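Here is what each chain is made of, one letter per residue.
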Amino acid sequence: MLDAIGVPSIEALFDRQIPEAVRLRRSLGLPDGRPEQDVFAHLRELAHRNVSAEDELSFLGAGMYDHYVPALIDMLMERSEFLTPYTPYQPEISQGGLQVMFEYQTAISELTALPVANASVYEGPSAVAAAGYLAKLHNGGGRFVVSAGLHPHSIETLRTQAHGYGMEVVEVPLRDGVTDPEAWVAAIDGECSAAIFAQPNFYGAVEDAAALSAAAKESGNPVVIAQVDPITLGILAPPGECGVDVAVGEGQPLGNRLDFGGPSFGFFAAREEYLRRMPGRIAGETTDVDGRRGFVLTLQTREQHIRREKATSNICTAQALNALGGVVYLTWLGRRGIVELGELLLARTHYAREKLCALDGVEPLHTQPVIREFAVRLDGDVAAVKRRCAAQGVNPGVNLEWITGREEDRGGLLVAITEQRSRADIDRLAEVLGAAVAASDQRSASEAAVAV
Amino acid sequence: MSPTTTNELPLQRERATTIFEKGAPGRRAFVCPEWDVPQVNGEALPERFRRREPPGLPEVSEPEIVRHYVGLSKRNFDLDSGFYPLGSCTMKHNPRLHERVAALPGHARLHPLQDPERAQGALELMWNLQQALAEISGLPHVSLQPSAGSHGELAGVLLTRAYHEASDERRHKVLTPDTSHGTNPATVTMAGLEVVKVATNPDGGVDLDDLRAKADADVACLMLTNPNTLGLFDRNIEEIARVVHGVGATLYYDGANLNAVMGLSRPGDMGFDIVHFNLHKSFTQPHGGGGPGSGPIAVSDRIAPFLPRPLVVRREDGAFDLDFDREQSIGRLRGFQGNYGCFVRSYAYICSLGGDGLRDASETAVLNANYLLARLREQGVAEYLPLAYGDLCLHEFVLSGGPMKKALGIKTLDLAKRLLDHGFHPPTVYFPLLVEEALMIEPTETECKETLDAFADAIAEILREAAEEGPEIAQNAPYTTPVRRLDEVGAAKQPVIRQAL
């Protein structure tokens, strides 16, 4: 090979092209390479030092959930033909992937009751930021108004990006767990580019989405954006029927693993008028020269590789493999399954909320309807309570203050229910949590006694 | 047999039918878990919040789902099936060990909000990966958070902005060469800054005079890929760094082409302040048909205070933790801690290869590219597809199809489509934009000599066929794929982007 090139050594290829001053003349300071079985053993050892949903009874949620992933999804996502291709730039040999995108877009459109959806973006919070950027391109307004019920990661991601293009982000507080309608209306005026809320919100409460959308449209002309939890859309009124313009969200609940936070996918659906400002890839139907039905990436003149600095976004990733998991999951659930699953989550979540709130030292953080997650306030230090529960093999939920940093969330615990948590599991949670909170009481009582 | 038949092949007979057109009412795969709690009454979820009609999802059985998607998979070309010399995309082998370790429950079922003290294995893995990426790039501080290369770029430009703002400077221009990836200018606009293009010199590098003319106190940053999208290392990199730093701007490294220089040359040593990695390119995260990816960034000391939060840190007692308490941070770019599943795979790759193995990978990638270039310079090819710039290349090279179009009447697109009939994925085409009828070829270290030879032979055969039998064969290609050339213009004119139900 070197003879064909006409150089004496591989070294010469670099010597002739890279200036000596910027050559690295030593080995990289990394451990030596190891055989496959050693690397497997090392990665397994690291895995063993994590406490996963396999190892404890977990009620963690707040954006990602331990739903059951059916076996056929693993099988399909591991197929070489889906796992190893690049973006489908050559449609004639990428019809499988392109059709999956088309089906995925159809499923998201159905789920959200919005007519157009893209082939997915990175994940939930950055999808919210991408929707904000769409609004900015659409109306050039000067401010984003967000409900404090939006996921804190979404709010922060939006702020990070909005700072770049000089947009202010104004937060509207909650009242008894849902967006305060008066403050919402007061914050929205003609300068508001987008009004953004979550359904259900970060604290598990079901918002009056139709009322929020209508109020936003009456007080200004913002793009109304909702971050929605896809698993609830079998029973909750879909954003498209609530006056929402753009619906986005985290796709992980749909057949994707927890993976300590990613990769998953973000979905992005909108009313027709926003189609040409959407970020990311979009698959479209067409025909080949012989008239056969086929699929291509379409509306590419929005995109960075054609439009460069005039592109509607820099996003060129569709989380195609994760979105495959999503559409297969929705197909597996089917038209009736997604309703049945939603009803089961609703009933178990209610059972769990009642059960926990009957405990001494546990009260609801709000009394709004909930579907798959709810917030309570503990009489005691949440971190200490969680440690006591952990010793019993139970992870009772997310310490709210740790995530939001809000003082009013002190003592707050966010408890998520999936179909993998049975009534018996919930009863066990109540038993362990009750004891852990009681131990806090006793401790503070004895501390008080000592102080006296 | 010359694959030129227009008779319908068996794989073309089956018409595309979506899953929404299959099944029948009442069919199902999902069986709901036992209803073990009391029914709820109407107050639990008031009627006005309820969905009236279930979403129009398919009603199909599990065997139908499996047949449907396995059938679709067979209509995809993939890296495991054949050569994929897509320039700038680094289509290297994806070891199956990585899928196995990523699927271990301790990684795959780990919740992102698990308390850090109960996720020590994951945080240690992330810490180790950060250390490795710092060493490979020569830049000491790493955030793994960005989800893709373009996301890393956005982080980089926002970091640059924050860096200048901290010293009360408002700089609004970002320089990018005209050979840059489209994501560079698109990112600059998203970050609220303005793109200024820098010309390319006759050697394919940055035009220094143009750079000096445009580098002023309004410039926030120069975004550069090195080796660049022509596969050429910019020999003036030290002078470029001097000019850019001389006006107080930062130097940003687009890591798309890192596969050329791992263990051989480091962006930090070249003077770069910020670099993004594409774990899905150099570090073998499978591309998944367009994602997931992962785009960590590494930065110099002066940029470090602004990195996204949280950062994975190691406490004095040796425990790993997430550090949220970072006052000058640009903030989050996404939820949670990044695409951990990608970190597991790329970390496994780095453990397998080690420092010297990574250098071997880059050396082999560069050897393969130059060998393929040499083969494509043989008689009967070079006159139609000359190298656009330079003499040698690093991990990839760009040919111009201009002479081929003039002499043989076939465009780069035709050549690409005809390659499909030969069982190869075509190179990247029509990029970079400054090369007429560009073909950008990146073989990676994965391929053996026999594959490279077969690809060169196929190119030669297509050119011979066009010269001797006429251009129509290539112009109407492909013939052997599940569908033939598709009407992309029509698709964009009247977009149909979902199945009508």
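Conventions we followed
Residues numbered from 1 in each chain as written. Chains lettered and ligands numbered in written order. Predicted model: local features only at pLDDT ≥ 70, side-chain atom pairs only at ≥ 80, totals over all residues. Helix = DSSP H or I, 4+ residues; strand = E, 2+ residues; numbered from the N terminus. Buried ≥ 20, exposed ≤ 12 C-beta atoms within 10 Å, placed from the backbone. Contact = placed C-beta atoms within 7 Å. Rg over C-alpha atoms; globule rule 2.2 N^0.38 Å. Pairing = 2+ DSSP bridges. Core = buried A, V, L, I, M, F, W, Y, C linked by C-beta atoms within 7 Å. Domains from an automatic or database assignment. Nonpolar A, V, L, I, M, F, W, Y, C, P; charged D, E, K, R; others polar. Axes fitted to C-alpha atoms, helices over the stretch in contact; angles between N-to-C directions. Parallel < 35°, antiparallel > 145°, perpendicular 65-115°, else oblique. Arc of directions from axis to C-beta.

Each helix and strand counted, chain A has 15 helices and 17 strands in total. By residue count, 64% of the 452 residues in chain A fall in the buried class. Long-range contacts, defined as pairs at least 24 residues apart, comprise 73% of the intrachain contacts of chain A with a sequence gap of at least 6.

Each helix and strand counted, chain B has 16 helices and 12 strands in total. Taken over the C-alpha trace, chain B has a radius of gyration of 26 Å; the compact-globule value for 501 residues is 23 Å, and the two agree within 12%. Overall size of chain B, expressed as C-alpha extent along the three principal axes, is 80 × 65 × 45 Å. Out of the 501 residues belonging to chain B, those deemed buried represent 58%. Summarising the internal contacts of chain B: among those between residues at least 6 apart in sequence, 74% fall at separations of at least 24.

Attention now moves to the sheet that holds strand 16 (residues 398-399) of chain A. All names here are of chain A. Across the sheet, four strands lie side by side as 13-14-17-16; this open sheet has antiparallel pairing. In the strand order of this sheet, the two ends are held by strand 13 (362-364) and strand 16, each with one partner. Where strand 13 lies against strand 14 (residues 373-378), three bridges are found, and the strand directions are antiparallel. Within strand 14, the residue paired with E363 across the bridge is R377.

Before going further, it helps to spend a moment on the sheet that holds strand 12 (residues 438-441) of chain B. Residues and elements named next belong to chain B. Pairing is antiparallel in the open sheet, where three strands are placed in the order 10-12-11. Each edge of the open sheet carries a strand with a single partner, namely strand 10 (397-400) and strand 11 (428-429). Sheet topology places strand 11 next to strand 12; two bridges connect them, and they run antiparallel. Following the sheet pairing, T428 is matched in strand 12 by M440.

Core analysis: the biggest nonpolar cluster contains 306 residues, and A131, I225, V246, F268, L324 and V328 of chain A together with L159 of chain B have the highest contact counts within it. The biggest single contributor to this core is helix 11 (residues 340-375) of chain B, with 19 residues.

Okay, the domain arrangement of chain B next. Residues and elements named next belong to chain B. What the domain assignment lists for chain B is domain 1 (97-352) and domain 2 (355-489). Between the C-alpha centres of domain 1 and domain 2 there is a distance of 30 Å. Taken together, the 19 residues of domain 1 in the interface contact 20 residues of domain 2. Among the residues forming the side of domain 1 that touches domain 2, the class breakdown is nine nonpolar, eight polar and two charged.

Attention now goes to the domain arrangement of chain A. Residue and element names in this part refer to chain A. Per the domain assignment, the segments making up chain A are domain 1 (57-62 + 337-444) and domain 2 (71-329). On the domain 2 side, the residues contacting the 20 residues of domain 1 number 14 residues. Listing elements by their share of the side of domain 1 that touches domain 2, those giving two or more residues are helix 12 (320-357), strand 14 and helix 14 (400-404). Per-element tally for the side of domain 1 that touches domain 2: the top contributor is helix 12, with six residues. In terms of residue class, the side of domain 1 that touches domain 2 is made up of 12 nonpolar, five polar and three charged.

Now for the interface of chain B and chain A. Interfaces are frequently sized by the accessible area removed from exposure as the parts join. Counting from both sides, the interface comprises 167 residues of chain B and, opposite them, 163 residues of chain A. Broken down by element, the side of chain B that touches chain A gets its largest block of residues, 22 residues, from helix 11 of chain B.

A separate point is the packing of helix 3 (residues 36-48) of chain A against helix 5 (residues 120-137) of chain B. Axis separation between helix 3 of chain A and helix 5 of chain B bottoms out at 6 Å; the angle between their running directions is 130°. Between helix 3 of chain A and helix 5 of chain B, the angle falls in the class oblique. Contact residues: helix 3 of chain A offers L46, A47 and H48 of chain A, while helix 5 of chain B offers G121, E124 and L125 of chain B. Broken down by class, the residue content of the contact of helix 3 of chain A with helix 5 of chain B amounts to three nonpolar, two polar and one charged.

So, about helix 9 (residues 237-246) of chain B. All names here are of chain B. Among all positions in helix 9, only I237, I240, V243 and V244 are buried. Angular distribution of buried residues about the axis of helix 9 spans 120°; they occupy a single face of the element. Seen from the open side of helix 9, the exposed residues pointing more than 90 degrees away from its buried face are R242 and G246. Of the surrounding secondary structure, the elements contacted by the buried residues of helix 9 are helix 8 (208-214), strand 4 (219-224), strand 5 (250-254) and helix 10 (267-270). Looking at the residues trailing helix 9, positive phi occurs at G248, about 80°.

All right, on to helix 7 (residues 183-190) of chain B then. Residue and element names in this part refer to chain B. Most of helix 7 sits inside the fold, with eight of its eight residues counted as buried. Turning to helix 7, its buried residues are T183, N184, P185, A186, T187, V188, T189 and M190. Just beyond helix 7, the residue with positive phi is G192, at close to 80°.

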